[in-house]
Amino acid sequence: MGIVVDGNALAREIRDEVTAAFQAEASASGVPPRMAILQLADAAAASQYTRRLQRTFSEAGATVDLHELPTHAGLNEAIALVEALSNDPEIQGIQIQTPLPPQIPLATLLEALDPTKDLDGIHPTNAGRLAQGRPTIVPATPLGGLEILLRNDVPISGARAVVVGRSTPVGRPMALLLLQNDATVTICHTRTTDMGAVVREADIVAVAAGRAGLVKADWIRPGAAVIDFGVNVLDGKTVGDVEPAAQERASLFTPVPGGTGPVTTAMLLRNALTLYRQAIGRDSG
């Protein structure tokens, strides 16, 4: 068995780094960091995540404004709020939490969002820049997956990588990040025939399919690195998309819970730092 990633420890390390940078930048510029979160008022899961974000950002020295929409809110009302936040010069980053009610499509709401304030990198402009290899803000979940590989010195250049899942927030950007780090990338999805045969060829396996235990332990090539983004509830327990026994074969494995989840929140904070630096006219590097 190889490395079992402690996502909480890595997240603390990243948060400490970003907090120090935030405080230094704020002290030098005199501009207070300020972020905004928009969510449905009665979305319990989103509220829990929002509280975690508020705590994380506050500890880093950033103020977070929470704007809640009632379930019955209309599309025009939601668009007006996003536009107002986008036009507020004191706010450097905006997070739109899902789920949203059916009358407020996320894609439509994103069109009202200033892409330079897009905390999670999901605006079409930011997605397009990532696809072109010129990213500014990258979705926090796949960015966290890449960070785990980099911090554990997993060889990416020249590696054969398989991404299971082609979602816009995770699967596709993860594939692009691996490609930009010179991996040879294959994307598997629901129409892939003999997925196991494809996965068995991979040096790196990243899974974001939303199906508990979809990737079997014996699909993992001995010594492969496995990044499991899955979050599923099975028999009252939170489990990933990869069978836990796969960690016996992997050189690196992210458990669920406690693997990629905490790192995602830390990377969202790092995105906030990037947007803050851009807003005050400093290089984001």
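Before reading further, recall that the structure is shown in the block above.
Note that the coordinates shown come from a computational prediction; the quantities given were computed from them, not determined experimentally.

**Section: the overall build of the chain**
At step 1: Scanning the chain for helices and strands turns up nine helices and eleven strands.
At step 2: For a compact globule of 285 residues, the expected C-alpha radius of gyration is about 19 Å, and the chain comes in at 19 Å, within 12% of that figure.
At step 3: Each principal axis of the C-alpha distribution contributes one length, and for the chain these read about 50 × 45 × 35 Å.
At step 4: Within the chain, the fraction of its 285 residues that count as buried is 47%.
At step 5: Taking the intrachain contacts of the chain between residues at least 6 apart in sequence as the baseline, contacts between residues at least 24 apart amount to 70%.
At step 6: With the model as given, the accessible surface of the chain reaches about 12,800 Å², and the carbon-plus-sulfur share is 50%.

**Things to note about the environment of Cys188**
At step 1: Among the secondary structure elements, Cys188 is positioned in strand S6 (residues 184-188).
At step 2: Sequence-wise, Cys188 and Val199 are eleven residues apart; in three dimensions their C-alpha atoms are separated by 8.5 Å.
At step 3: Excluding residues within four positions of it along the chain, Cys188 makes contact with Val162, Val163, Val164, Gly165, Met195 and Val198.

**Remarks on the packing of aromatic side chains**
At step 1: The full count for this structure, using the stated rule, is one aromatic pair.
At step 2: Note on Phe22 and Tyr276: the rings are 5.5 Å apart at their centroids and 50 degrees apart in plane angle, and the pair reads as tilted. Here Phe22, found in helix H1 (residues 7-29), pairs with Tyr276, found in helix H9 (residues 260-279); they are 254 residues apart in sequence, far enough to count as distant.
At step 3: The buried category is assigned to Phe22, whose relative accessible area is 1%.

**Some words on unusual backbone geometry**
Peptide bonds are trans in most cases, and residues, glycine excluded, mostly fall at negative phi.
At step 1: In this structure, Pro99 follows Thr98 across a cis peptide bond, with omega equal to 10 degrees.
At step 2: Inspection of the secondary structure puts Pro99 in the loop between strand S4 (93-96) and helix H4 (106-111).
At step 3: For the bond from Val256 to Pro257, the omega torsion is 0 degrees, close enough to zero to count as cis.
At step 4: Turning to its location among the elements, Pro257 is positioned in the loop between strand S11 (252-253) and H9.
At step 5: Located in the positive-phi region is Asp153, a residue other than glycine, with phi close to 55 degrees.
At step 6: Locating Asp153 in the fold gives a position in the loop between helix H6 (140-151) and strand S5 (160-164).
At step 7: Overall, the relative accessible area of 68% leaves Asp153 in the exposed class.
At step 8: Non-glycine residue Asp182 carries a positive phi angle of around 70 degrees.
At step 9: With respect to the secondary-structure elements, Asp182 resides in the loop between helix H7 (171-180) and S6.

**What about the packing of H6 against H9?**
At step 1: It is the contact of H6 with H9, at a shortest axis distance of 8 Å, that shows an interaxial angle of 105 degrees. In this view, H6 runs roughly perpendicular relative to H9, as classed from their interaxial angle. Listed contacts from H9 to Ala140, Thr141, Leu143, Gly144, Glu147, Ile148 and Arg151 of H6 are Thr260, Val263, Thr264, Met267, Leu268, Arg270 and Asn271.
At step 2: Among the residues forming the contact of H6 with H9, the class breakdown is six nonpolar, five polar and three charged.

**Focus on the pattern of salt bridges**
At step 1: Considering all chains together, one arrives at ten salt bridges under this definition.
At step 2: The salt bridge involving Arg160 is made with Glu201; its shortest N-O contact spans 3.2 Å. Within this pair, whereas Arg160 is found in strand S5, its partner Glu201 is found in the loop between helix H8 (195-199) and strand S7 (204-207), the two being separated by 41 residues in sequence.
At step 3: On the basis of relative accessibility, which here comes to 42%, the residue Arg160 falls in the partly exposed class.
At step 4: Via salt bridges that share partners, Glu13, Glu17, Glu147, Arg151 and Arg270 belong to a single interconnected network.

**A word on the sheet that holds strand S1 (residues 3-4)**
Whether parallel or antiparallel, the strands of a sheet pair through hydrogen bonds between backbone atoms.
At step 1: Within the open sheet, the six strands sit side by side as S1-S11-S8-S7-S5-S6. Their pairing is parallel. Two strands close off the open sheet at either side, each with one partner strand: S1 and S6.
At step 2: On the sheet, H6 packs against S7, strand S8 (225-228) and S11 and is oriented at approximately 155 degrees with respect to S8.
At step 3: Here H7 sits on the sheet and contacts S5, S6 and S7; the angle it forms with S5, its principal contact strand, is near 170 degrees.

**Details of empty space enclosed by the protein**
At step 1: Per the counting criterion, the structure on display carries one cavity of 30 Å³ or more.
At step 2: Lining the largest cavity are Ile94, Gln95, Ile96, Leu110, Leu113, Asp118, Asp120 and Ile122.
At step 3: It is S4 that contributes the most residues to the lining of the largest cavity, three residues altogether.
At step 4: Grouping the amino acids of the lining of the largest cavity by side-chain chemistry returns five nonpolar, one polar and two charged.

Basis of the calculations
- Residues numbered from 1 in each chain as written.
- Predicted model: local features only at pLDDT ≥ 70, side-chain atom pairs only at ≥ 80, totals over all residues.
- Heavy atoms only, no water.
- Helix = DSSP H or I, 4+ residues; strand = E, 2+ residues; numbered from the N terminus.
- Rg over C-alpha atoms; globule rule 2.2 N^0.38 Å.
- Buried < 20%, exposed > 50% of the residue type's maximum accessible area, 1.4 Å probe, protein only.
- Contact = heavy atoms within 4.5 Å.
- Areas by Shrake-Rupley, 256 points an atom, 1.4 Å probe, with all protein chains shown as cover.
- Phe/Tyr/Trp six-rings, centres within 6.5 Å; stacked < 30°, edge-to-face > 60°.
- Axes fitted to C-alpha atoms, helices over the stretch in contact; angles between N-to-C directions.
- Parallel < 35°, antiparallel > 145°, perpendicular 65-115°, else oblique.
- Nonpolar A, V, L, I, M, F, W, Y, C, P; charged D, E, K, R; others polar.
- Salt bridge = Lys/Arg side-chain N within 4 Å of Asp/Glu carboxyl O.
- Pairing = 2+ DSSP bridges.
- 1 Å grid on protein atoms, 1.4 Å probe; cavity = no way out; pocket = protein on both sides within 12 Å on 5 of 7 lines; lining within 4 Å.
- Points joined across faces, edges and corners; volume = space filled by probe spheres on them.

By themselves, these observations are geometric and do not establish any function.
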